Amino acid sequence: MAEDLQVSVGTIRERLFTERLRALHPENIESFVALKQKAKAKYVDDNWSKLFPPVDPALRKVVTSPIKRLVEKGMSSEADEIMRTHWEPQIKAKLHNTFEFYIIMLRFHTGAKGGLEEQSRLLLNYYLLLVEGVYTAQVNLVCYLLSGTGATYRSSKAMSEHGPQAGSMGMIEEDSLWNKLRFLEDNGFRFVADACDRQLRNSVAHLDFIVFTNGCVGYGSGQRGPKVITYDELVHKVEVMKSISDAVNEVMAEEVIAWRKGRKTKVAAPKAKKPAKASKVEKDPREILRKAGLAAEKPKDKEGTVRL
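Computed from a predicted structure; not experimentally measured.

(A) How the structure looks around the environment of Gly188. Mapping Gly188 onto the fold places it in the loop between helix H8 (177–186) and helix H9 (190–193). Along the sequence, Gly188 and Pro66 sit 122 residues apart, while their C-alpha atoms lie 7.6 Å from each other.

(B) Fine view of the nonpolar core. With 76 residues, the main nonpolar core has Tyr135, Leu184, Phe189 and Met252 as its most contacted residues. Element by element, the count of residues in this core is highest for helix H6 (residues 116–148), at 17 residues.

(C) View of the side chain of Ser203. Mapped onto the secondary structure, Ser203 falls in helix H10 (residues 198–205). On the accessibility criterion, Ser203 (5% relative accessible area) is buried. For Ser203, the side chain forms a polar contact with the main-chain oxygen of Gln199, separated by 2.9 Å. With residues near it in sequence (within four places) discarded, Ser203 still touches Asp208, Phe209, Tyr219 and Gly220.

(D) Structural view of the confidence of the model for the protein. Summary statistics for the protein give a mean pLDDT of 86 and a share of 80% for residues scoring 70 or more. In the predicted structure, residues 294–308 sits below a pLDDT of 50 and forms five contacts with residues beyond four places in sequence or in another chain.

(E) Helix H1 (residues 12–24), seen in detail. Between its first and last C-alpha, H1 extends 18 Å over 13 residues, near the 18 Å set by a 1.5 Å rise per residue. Along H1, the residues that are buried comprise Ile12, Arg15, Leu16, Phe17, Thr18, Glu19 and Leu21.

(F) Up close: the packing of aromatic side chains. Enumeration according to the criterion identifies nine aromatic pairs in this entry. Aromatic pair Phe17 and Phe32: ring centres 5.3 Å apart, planes at 50 degrees, arrangement tilted. Remark: Phe32 occurs in helix H2 (residues 29–33) and Phe17 occurs in helix H1; sequence separation between them is 15 residues. Site record: aromatic cluster; members linked through ring pairs are Phe17, Phe32, Tyr43, Trp48 and Phe52. Sitting over the ring of Phe32, Lys40 keeps its end group 5.6 Å from the ring centre.

Conventions adopted
- Residues numbered from 1 in each chain as written.
- Predicted model: local features only at pLDDT ≥ 70, side-chain atom pairs only at ≥ 80, totals over all residues.
- Heavy atoms only, no water.
- Helix = DSSP H or I, 4+ residues; strand = E, 2+ residues; numbered from the N terminus.
- Core = buried A, V, L, I, M, F, W, Y, C linked by side-chain atoms within 4.5 Å.
- Buried < 20%, exposed > 50% of the residue type's maximum accessible area, 1.4 Å probe, protein only.
- Polar contact = N/O pair within 3.5 Å; in protein donor to acceptor, adjacent residues only side chain to side chain.
- Contact = heavy atoms within 4.5 Å.
- pLDDT = per-residue confidence, 0-100.
- Expected span 1.5 Å × (residues − 1).
- Phe/Tyr/Trp six-rings, centres within 6.5 Å; stacked < 30°, edge-to-face > 60°.
- Lys NZ or Arg CZ within 6 Å of the ring centre and 35° of its normal.

What follows is the structure, given as structure tokens:
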């Protein structure tokens, strides 16, 4: 592999901000680009939340309680190792690829003249990336932690002698999204399952959809025929998916950090030392009896008496 190959992870934050600013406030883009690097970095930090609003507090409230219980009951040393070596690096890579596509979308949107049809086509692919990327990785982790709490995960695929073990992360990752979402619904995580329109995801993945010139999208098939949604409804589906993924990601990270700190404190805390027992001093039995009033006083020596 060529040594000059590079990955643009280091510049992703500034480029995200730049394209979002260009799309929402084009009147400010020239002055921002003209800033020196240090001033530009400060401007990004100071104004990030204005262009990328934080997770909605009401949504955080819905997500926090079940995620907190899940981490408290489902985390273990084995689960923590899987998160450190497998899940967290995977999430970072998926986020990077999703952000890069989002930047391309913003650039296209800023100078686009193709209308709502082209924007819908971009959004459909963005939706697929959201589902197949961070969202599915989160679903896999929640299913795995749920199995750690005692909930039995049953794969929809036949178990192989040489395949992943039952309940393992490998088995869950290889299973169908439909089966994983059903497992979440049955175990108190319906809000995660409901965020995904699985029929839309399948239609986009298999190019089984129609985009109309006004931005409407027809997809899916069944007894009632295909669904048709407007451009605004498609935008809403994308926003719901993104919002739930962001909330789960944020709360999960916080709860896992809290669990790790708690575990580290327990391991590091020294055991309370028992107070050293005072060495026993042999007492004269007669003295003990005397103090207890069980022995007669020794007669006093008479004056002039010589004791040999």
